[in-house]
Amino acid sequence: MQSSKAFHLDEIDQAVKFNEPVGPDHAFYTDFSHVRGNFRENVVYRILNVKTRDGGFSFDAKLNSGDKKLLFLGGMRGSGKTSELTKYARNLHDPECFFVVTCNIEEALDMNDVEYMDVLIYQLEKLTYELDQALVRVDTGIIQHMRKWFHSRETEIRNALKGELDFELGIKTESPPLLKSILNIFGQLKVGLQGSKERATTIRSSLKNRFPDFADLFNQYIEEANLSLRTQSKAQEILFIVDGLEKTMSAEMRRKLIIDESNRLRQIKAYTIFTLPIELMKERQKINQFSTVESFPYVKIMERKGEPIEPAFLVFEEFVTKRIDESLFESRELLRKFIQYGGGSPRELLRILEAATFYADEKKGKLDDNCLREALHRLANQTAQYLTQEKLDKLKEIHENNLVGRTTPFDDLVGEMLEDIILMEYNDGSYKRVNPVVELSDLYQQRVLGR
């Protein structure tokens, strides 16, 4: 949804919606790529075997199509991963490069109950839809093969369900072997996976019990589609972008999707970028055995001893003033205070701006120090409310380490606080600091700083 820039106080709320990521074509889009510390966009392109030259992007299918890359882009919530992925999709979707298929699982799957099998079915559905929309003609042999294989699964699932005889995939022997004939199969499977628990489990079991066959079918389909795309000068290779894994409802579910399914992930041969939930970054060594993991950090806006990093502040000023006219801030110094307390997270900054509007003086018609102070006090105490003594001790250790420039090692407690954005991480993870909003809380001031 294309939001409008706020020129009046009552328009700010719509302009700072922090759950609506924006891509490069949106008026609000801001490029943070040059202020993300050790992270470099070009590294992602190199991992994907993409050449960049004179602003263009190309992929050599003869040289690289057999080297299918699986990339996990990991980072904290609200760091801007979705906007970054949208940029990659725009840059790489080109006849000389990739046919990019973006799969946002939050929009299509049940986030309370999702497994890797569900994601694969959604990938097949979305790919088939995009191929059909692009008028790509895929070899009829693979389509017919897929229809026969899924017809056998349909019979198997119906027999297992017994009482749910209405389950069907819409496979008709007289249907022509066109993309639309298998698009319906994937759509019906996806619907079935979001039905009753019994139905979802039965469908998954049928497919997982024959996963080597399913993977071979998936890979054959990808290769035939790649060949068609090259023959028809549409693209050189398919690239999936799978976003939204961190929004599944439990850490256990997220771990199951990636770590427990690593063997099945290895069997799928397609260029793919997944987002990686922050708590799974500690499993980096395991994941690197079958893929590549890159850390996508927050923007570091302050040095360890508190000196502002001016280029980062300037980019965040652009980020804010694309949404809110500068005249709505009492001063530029106030705008910089908002940025400082955002801690280098675009989403956290938008959250603070939204909260401040609740306390803004409507007669004045501007954001001022009073509304910022009220908003920060509320957010600080809400965020710190459930900190345990163990976590407070760890926060004190981190604070003391940062004062002397010492790196704090990772442990499970640090992982929990990163997931909850009590802590913020920068560069390659070597620098962690307490969320500046949390630092303002009464609990932190008393138990960590002793004030």
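Coordinates for the structure precede this section.
Residues numbered from 1 in each chain as written. Predicted model: local features only at pLDDT ≥ 70, side-chain atom pairs only at ≥ 80, totals over all residues. Heavy atoms only, no water.

Trainee: Where do I start with the nonpolar core in this structure?
Mentor: Soluble, globular proteins show a tendency: their nonpolar side chains are buried together. Membership of the largest hydrophobic core comes to 86 residues, with the highest contact counts inside it found for Phe72, Leu131, Phe150, Phe214, Tyr221, Phe240 and Leu395. Membership of the second largest hydrophobic core comes to 43 residues, among which are Ala6, Leu9, Val22 and Phe338. (Core = buried A, V, L, I, M, F, W, Y, C linked by side-chain atoms within 4.5 Å. Buried < 20%, exposed > 50% of the residue type's maximum accessible area, 1.4 Å probe, protein only.)

Trainee: Quick question: what am I supposed to make of the sheet that holds strand 6 (residues 271-276) here?
Mentor: Think of a sheet as strands paired side by side through backbone hydrogen bonds, with each pair either parallel or antiparallel. Ordered by their spatial adjacency, five strands build an open sheet running 4-5-6-3-7, and the pairing between neighbours is parallel. Strands with a single pairing partner mark the edges of an open sheet, and in this sheet they are strand 4 (98-104) and strand 7 (292-295). Ignoring strand direction, the axes of neighbouring strands in this sheet form an average angle of 20°. Where strand 5 (residues 237-243) meets strand 6, four bridges bridge the pair, whose relative direction is parallel. Bridging across to strand 6, Phe240 finds its partner in Thr272. The sheet strands contacting helix 10 (residues 211-231) are strand 4 and strand 5, and the helix crosses strand 5 at an angle near 125°. (Pairing = 2+ DSSP bridges. Helix = DSSP H or I, 4+ residues; strand = E, 2+ residues; numbered from the N terminus. Axes fitted to C-alpha atoms, helices over the stretch in contact; angles between N-to-C directions. Contact = heavy atoms within 4.5 Å.)

Trainee: I'm lost on unusual backbone geometry in this one. Help?
Mentor: With glycine set apart, most residues show a phi of negative sign, and most peptide bonds adopt trans. Located in the positive-phi region is Asn49, a residue other than glycine, with phi close to 60°. As for its placement among the helices and strands, Asn49 is situated in the loop between helix 2 (41-47) and strand 1 (50-53). Unusually for a residue other than glycine, Leu135 sits at a positive phi of about 60°. The residue Leu135 is located in the loop between helix 6 (116-133) and helix 7 (140-161) in this model.

Trainee: Is there a simple way to think about the pattern of salt bridges in this case?
Mentor: Side chains bearing opposite charge may pair, as long as their charged atoms lie close to each other. In the structure shown here, the tally under the stated rule is 43 salt bridges. Measuring nitrogen to oxygen at the nearest pair gives 3.6 Å for the salt bridge that ties Asp13 to Lys17. For Asp13, a relative accessible area of 26% gives the class partly exposed. The partner of Lys190 in a salt bridge is Glu125, with the nearest N and O atoms 2.8 Å apart. Residue Lys190 is located in helix 8 (residues 179-193), and its partner Glu125 is located in helix 6; the two are separated by 65 residues in the primary sequence. For Lys190, a relative accessible area of 14% translates into the label buried. Residue classification places Glu125 among the buried residues on the basis of a relative accessible area of 15%. Within the structure, one salt-bridge network assembled from shared partners comprises Asp113, Glu115, Asp118, Lys197, Arg204, Lys208 and Lys256. (Salt bridge = Lys/Arg side-chain N within 4 Å of Asp/Glu carboxyl O.)

Trainee: For this particular structure, what's the right way to read the side chain of Glu115?
Mentor: Assignment of secondary structure puts Glu115 in the loop between helix 5 (105-108) and helix 6. A polar side-chain atom of Glu115 sits 3.0 Å from a polar atom in the side chain of Lys208. Once residues within four sequence positions are removed from consideration, Glu115 is found in contact with Arg204, Lys208, Lys256 and Leu257. (Polar contact = N/O pair within 3.5 Å; in protein donor to acceptor, adjacent residues only side chain to side chain.)

Trainee: Help me understand helix 6 in this model?
Mentor: Within an α-helix, residues lying three or four positions from one another point in the same direction, as the helix has 3.6 residues per turn. In this model, helix 6 (18 residues) spans 26 Å end to end at C-alpha, consistent with the 26 Å of a helix rising 1.5 Å per residue. Of all 18 residues making up helix 6, 14 are buried, and the element is well covered by its neighbours. Downstream of helix 6 by a residue or two, Leu135 has a phi angle that is positive, lying close to 60°. (Expected span 1.5 Å × (residues − 1).)

Trainee: Looking at this model, I keep getting lost on the packing of aromatic side chains. Mind explaining?
Mentor: Working definition: an aromatic ring pair is given by the centre-to-centre distance plus the angle between the planes. Inspection of the entire model under this criterion finds 21 aromatic pairs. Seen from their ring centres, Phe59 and Tyr271 are 5.3 Å apart, and the 85° between their planes marks the pair as edge-to-face. Of the two residues, Phe59 sits in strand 2 (residues 56-59) while Tyr271 sits in strand 6, which places them 212 residues apart along the sequence. In this structure, Phe59 and Tyr271 share a single accessibility class: buried. Ring geometry for Phe150 and Phe186: centres 5.7 Å apart, planes at 80°, overall edge-to-face. (Phe/Tyr/Trp six-rings, centres within 6.5 Å; stacked < 30°, edge-to-face > 60°.)

Trainee: Honestly, the packing of helix 7 against helix 8 in this entry has me stumped. Any pointers?
Mentor: A packed helix pair is summarised by two numbers, namely the angle formed by the two axes and the spacing between the axes. Their axes nearest at 9 Å, the elements helix 7 and helix 8 cross at an angle of 30°. For the element pair helix 7 and helix 8, the recorded crossing hand is left-handed. Contact residues: helix 7 offers Ile143, Met146, Arg147 and Phe150, while helix 8 offers Leu179, Ser181, Ile182, Ile185, Phe186 and Leu189. (Left-handed = near helix turned anticlockwise from the far one by under 90°.)

Trainee: What is the right way to read the pairing of strand 5 from this model?
Mentor: Note on strand geometry: in a regular strand, side chains alternate between the two faces of the sheet. A large share of strand 5 lies buried, amounting to seven of its seven residues. A two-sided burial pattern is seen for strand 5, the buried positions comprising Glu237, Leu239, Ile241 and Asp243 on one face and Ile238, Phe240 and Val242 on the other. Here strand 4 pairs with strand 5 via seven bridges, running parallel. Looking at the pairing, Asn104 lines up with Asp243 of strand 5.

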